[in-house]
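What follows is the residue order along each chain.
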Amino acid sequence: MSEGEAAPAAAREQPPAASEQGSRNLVMRVAAALVLAPVAIALAYVGGLAWSLLVTLAAIGLFVEWLMITGLVRELRVLVPGVAALLLAGLCLIAGRPDAALVVVAVGMVALALLSGAQRIWAIAGLLYAAAAELASVLVRLDAAKGFAALMFVLLVVWVTDIGGYFAGRSIGGPKLWVRVSPKKTWAGAIGGFVASLLVAAAFAAFEIGTAGPLLALGAVLSVASQLGDLFESAVKRRFGVKDSSHIIPGHGGLLDRLDGFVAAVIVAAILGFVRGGADGVGRGLMLW
């Protein structure tokens, strides 16, 4: 083989830069997940003050990143009232007063409407997004009997939807799901994540943590909600020309990038559980049919 022939052959053997970057990104994603997931599960198991504090801090982080995306983070007249509302709402939730938390959030939204000027719609939307995640996450866990099981169901459905979608999308490829909003997502990935969520529901039913039929339906609904939440966040970032909400989590970007699916799924779960079990029985409403 001549030198001229050897060079192209060697070039073909070298993995493309994009592939190397993708591999490094996957390693960082896995490493971050191995650290963060056990912490989240442990605090979810403890519940009460520990879980509420984590949720409150995460909600504040979501709001700050929303303001970063929309270009409002340096506007103290927007940042301070919003953060204060989420913090006070968290304290109300810790005290067992979700009704008071709702009032605090409503007051915060009025304050943003009066103070944020031309960008008031985006400011209010950011507070509503973060506060809904905060309230829903606490309410789902609140039920002493089924709160932990319900919260773990939501978390696992979101996680496997993300993981199943990632690997199915990369290995199968095919038609894109919504190119204008998220160019990398495929129908194969969406279906793969959906199927993975059904496996979680089947596992819960196998361990008698609920009835098979309702859990499969719930898993399907939450998986779809998770994927729609992901697309919603992508649409907001594309609207403002932003790739990642921040770089706080290696391989994942920001809290918004990591929690977008969970936010949508836990809000849907909280609504369904509240309708069936009331404010103090959201977990039972989700898991007992």
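See the structure shown above.
Residues numbered from 1 in each chain as written. Predicted model: local features only at pLDDT ≥ 70, side-chain atom pairs only at ≥ 80, totals over all residues. Heavy atoms only, no water.

This part takes up the pattern of salt bridges. If you walk through the whole model with that rule in mind, you get 7 salt bridges. With a shortest N-O distance of 2.5 Å, aspartate 162 and arginine 258 are connected by a salt bridge. Taken together, the positions of aspartate 162 in helix H7 (residues 147-172) and arginine 258 in helix H10 (residues 255-277) put the pair 96 residues apart, joining distant regions of the chain. We classify aspartate 162 as partly exposed; its relative accessible area is 24%. A salt bridge links lysine 185 to aspartate 230; the nearest nitrogen and oxygen atoms lie 3.4 Å apart. With a gap of 45 residues between them, lysine 185 in strand S2 (residues 182-186) and aspartate 230 in helix H9 (residues 212-239) connect regions that are remote in the sequence. Judged by its relative accessible area of 18%, aspartate 230 is buried. Connected via shared salt-bridge partners are Glu233, Lys237 and Asp257. (Salt bridge = Lys/Arg side-chain N within 4 Å of Asp/Glu carboxyl O. Helix = DSSP H or I, 4+ residues; strand = E, 2+ residues; numbered from the N terminus. Buried < 20%, exposed > 50% of the residue type's maximum accessible area, 1.4 Å probe, protein only.)

A few words now on the nonpolar core. Phe63, Leu86, Val140, Phe153, Val154, Leu222 and Leu286 are the most contacted members of the largest nonpolar core, which totals 63 residues. Broken down by element, this core gets its largest block of residues, 12 residues, from helix H6 (residues 120-142). Residues contacting leucine 86, with those up to four places away along its chain left out, are Thr56, Ala59, Ile60, Phe63, Leu127, Ala130, Ala131 and Glu134. (Core = buried A, V, L, I, M, F, W, Y, C linked by side-chain atoms within 4.5 Å. Contact = heavy atoms within 4.5 Å.)

Let's shift gears to the side chain of threonine 161. Turning to its location among the elements, threonine 161 is positioned in helix H7. At a separation of 2.7 Å, a polar atom in the side chain of threonine 161 contacts the main-chain carbonyl oxygen of valine 157. Here serine 223 takes part through its side chain, which lies 3.0 Å from a polar atom of the side chain of threonine 161. Apart from the residues lying within four places of it in its own chain, the contact partners of threonine 161 are Gly193, Ser197, Ser223, Ser226 and Gln227. (Polar contact = N/O pair within 3.5 Å; in protein donor to acceptor, adjacent residues only side chain to side chain.)

Our focus in this paragraph is helix H8 (residues 187-206). The first and last C-alpha atoms of H8 sit 29 Å apart over 20 residues, in line with the 28 Å expected at 1.5 Å per residue. When we look at burial in H8, the residues that qualify are Ala188, Gly189, Ala190, Gly193, Ala196, Ser197, Val200, Ala201, Phe204 and Ala205. The inward-facing, buried residues of H8 abut H7, strand S1 (176-178), S2, H9 and helix H11 (282-287). (Expected span 1.5 Å × (residues − 1).)

This brings us to the packing of aromatic side chains. Considering all chains together, one arrives at 8 aromatic pairs under this definition. The rings of Trp66, Trp122, Tyr129, Phe232 and Phe240 are connected pair by pair, giving a single aromatic cluster. Positioned above the aromatic ring of phenylalanine 240 is the side chain of arginine 239, whose terminal nitrogen or guanidinium carbon lies 4.7 Å from the ring centre. For the cation-ring pair, arginine 276 lies above tryptophan 289, with the distance from its terminal atom to the ring centre recorded as 3.9 Å. (Phe/Tyr/Trp six-rings, centres within 6.5 Å; stacked < 30°, edge-to-face > 60°. Lys NZ or Arg CZ within 6 Å of the ring centre and 35° of its normal.)

These values are about where atoms sit, not about what they do.
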